[in-house]
Amino acid sequence: MRIGVLGAGQLGQMLALSGYPLGNRFSFFDTTGSPSADIGTTLSDASGTKLDDFLSQVDLVTYEFEHLPLVLVQQVAQQKALYPGVEALRVCQNREAEKALFDQLSIPVADYRLVSSADELAQACAALMQAGAPAVVAKSITEGYDGKGQAVLRDPAQAEEAWAQIGHARLIVEAFVTFVREVSIIAVRGQQGEVVFYPLAENNHADGILRYSLAPLPDLSDAVQQQAENYIHKLLDALDYVGVLTLELFQQADGTLLANEMAPRVHNSGHWTQNGAITSQFENHLRAVQGLPLGSTQAIAPTCMINIIGCMGDAAAILAVEGAHLHLYGKTERAGRKLGHVNLVAADIDTLLQRVNQVAALLPGSPPAVFSFSST
């Protein structure tokens, strides 16, 4: 089957690498002017004039990037099967719509307000802090990712500066959550509504960018895993979703999970599945959109993904670490840029953490990996 991908970054590249053994061939439609998926056929076109050419090459379409012109995606859906659908993309592009869906489905979130001016931001900040929040996070309604379009406020007096810094006409203001750890769950839904779930991963961020994801968690209770599965299952069904969906969550001390945001695609926190699960998130996404049986999501060993950010380390030294698998994206070095990742696999969690520290020391600027279960 010929599969079209809206977006042409590393996620699309990894989808294609997983799809070639299934007999798939790929065409990419890039709207950014900077494609990096050096595989298959790529059409770069910010105006959409080459869309018909792209669609003539493919049997169905998916996407690896949610910041796409909605009008363009609607045009695609009128001519080709599109998975996930337009509604999933619309919701995930807009934090206000996303929070409304969470509320509608009784998926708990941190207390939040919507604001349209610096004065309203200051008022929301004061109200949330009066209710007990130690700080608030102001986020743009649209276009924010990897920490972009966000600001942390610890005093209402910072509202003017934050408003100017973010530079959007409307913001969402969330109470800062005191959490034990940040986690994410990845689920896959097929065309007939069948659903499979991957084990929760613990995620470590620095400067708003994901640095480490580790799964399965050695201290995770079945109840917490089930809680996450229930939440994401509601989202999958409400959106009549087909493909991989990711839900990021905060786990509090009592085990309660609060939803942060979702992503309608394969996700950075699921890269560990390439080497640590029976079926990777990439292969399962392709199985789902083609109507094929979904693969097992069982973890085969403790695994940690380490993002390579900004500067490439010594590849030979990294590969000399036992259990290391290097995945590079073909990108040039640049501050804050994701150049690739390393998946580390080990027979037990203690050995895995030792290897994580070995590789982290080989990556310039990589912060220490501290996981909730290893900090005592």
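Residues numbered from 1 in each chain as written. Predicted model: local features only at pLDDT ≥ 70, side-chain atom pairs only at ≥ 80, totals over all residues. Heavy atoms only, no water.

Undergrad: So what's going on with helix H1 (residues 10-19)? Residues and values would help.
TA: In terms of residue burial, H1 counts as a mostly covered element, since nine of its ten residues are buried. Buried within H1 we find Gln10, Leu11, Gly12, Gln13, Met14, Leu15, Ala16, Ser18 and Gly19. (Buried < 20%, exposed > 50% of the residue type's maximum accessible area, 1.4 Å probe, protein only. Helix = DSSP H or I, 4+ residues; strand = E, 2+ residues; numbered from the N terminus.)

Undergrad: So what's going on with the side chain of serine 140? Residues and values would help.
TA: Checked against the element boundaries, serine 140 lands in strand E7 (residues 136-140). Given the relative accessible area of 1%, serine 140 is considered buried. Engagement of the side chain of serine 140 in a polar contact is seen with the backbone oxygen of threonine 142, the distance being 2.8 Å. In this structure serine 140 touches Arg95, Gly149, Ile166, His168, Arg170 and Leu171, once residues within four positions along its chain are discounted. (Polar contact = N/O pair within 3.5 Å; in protein donor to acceptor, adjacent residues only side chain to side chain. Contact = heavy atoms within 4.5 Å.)

Undergrad: Would you mind going over the side chain of serine 372 in detail, with residue names and values included?
TA: With respect to the secondary-structure elements, serine 372 resides in the segment after helix H12 (349-360). Among the residues examined, serine 372 registers a relative accessible area of 19% and is labelled buried. In this structure, serine 372 is in contact with Val180, Arg181 and Glu202, ignoring residues within four places of it in sequence.

Undergrad: Describe in detail H12, supporting the description with residues and values.
TA: Here H12 is twelve residues long and its end C-alpha atoms lie 16 Å apart, about the 16 Å a rise of 1.5 Å per residue gives. Packing partners of the buried residues in H12 comprise strand E13 (209-215), strand E16 (303-309), helix H11 (315-319) and strand E18 (338-345). Measuring from the backbone nitrogen of aspartate 350 back to the side-chain oxygen at the start of H12 gives 3.2 Å, which picks out aspartate 348 as the cap. (Expected span 1.5 Å × (residues − 1).)

Undergrad: Which residues make up the state of the cysteines, and what values go with them?
TA: For the coordinates displayed, the defined rule picks out zero disulfides. A disulfide-free cysteine, cysteine 304 has its sulfur positioned 20 Å from the sulfur of cysteine 311, the nearest such atom. (Disulfide = S-S within 2.5 Å.)

Undergrad: Any details on the sheet that holds strand E8 (residues 150-153)? Residues and values, ideally.
TA: With antiparallel pairing, four strands are arranged side by side in an open sheet as E6-E9-E7-E8. Of all strands in the sheet, those bounded by a partner on one side alone are strand E6 (112-115) and E8. Taking each pair of neighbouring strands and ignoring which way they run, the sheet shows an average axis angle of 20°. Note: E7 against E8, four bridges, orientation antiparallel. Within E8, the position partnered with valine 137 by the bridge is valine 152. Helix H5 (residues 95-104) rests against E6, E7, E8 and strand E9 (171-175) of the sheet, and its axis sits at about 145° to E6. Strand contacts of helix H6 (residues 118-130): E6, E7, E8 and E9, with the helix running at about 170° to E6, the strand carrying the most contacts. (Pairing = 2+ DSSP bridges. Axes fitted to C-alpha atoms, helices over the stretch in contact; angles between N-to-C directions.)

Undergrad: Quick rundown of the sheet that holds strand E2 (residues 25-30)? Include the residues and the values.
TA: Pairing in this open sheet of five strands is parallel, and the strands run E3-E2-E1-E4-E5 from one edge to the other. A strand with exactly one partner marks an edge of an open sheet, and here the two such strands are strand E3 (41-44) and strand E5 (81-82). Taken together, the four bridges between strand E1 (residues 2-6) and strand E4 (residues 60-63) define a ladder with parallel strand orientation. Among the inter-strand pairings, valine 5 is bridged to a residue of E4, identified as threonine 62.

Undergrad: An account of the pattern of salt bridges is requested, with residue identities and associated values reported.
TA: It is possible for side chains of opposite charge to pair when their charged atoms get near one another. Per the counting criterion, the structure on display carries 14 salt bridges. For lysine 99, the salt bridge identified is with glutamate 174, shortest N-O distance 2.7 Å. Of this pair, lysine 99 sits in helix H5 while glutamate 174 sits in strand E9; the two residues are 75 residues apart in sequence, bridging distant segments of the chain. This pair shows no difference in class: lysine 99 is buried, exactly as glutamate 174 is. With a closest N to O distance of 3.5 Å, arginine 355 and glutamate 322 form a salt bridge. Here arginine 355, found in helix H12, pairs with glutamate 322, found in the loop between H11 and strand E17 (324-328); they are 33 residues apart in sequence, far enough to count as distant. According to the relative accessible area criterion, arginine 355 is buried, its value standing at 12%. One salt-bridge network, in which partners are shared between bridges, spans Lys99, Lys139 and Glu174. (Salt bridge = Lys/Arg side-chain N within 4 Å of Asp/Glu carboxyl O.)

Undergrad: Lay out the nonpolar core with the relevant residues and their values.
TA: Ranked by size, the top nonpolar core spans 70 residues in total, and within it Leu247, Leu249 and Met262 carry the most contacts. Grouped together as the second largest cluster of nonpolar side chains are 31 residues, Leu11, Leu210, Ala277 and Ala288 included. (Core = buried A, V, L, I, M, F, W, Y, C linked by side-chain atoms within 4.5 Å.)

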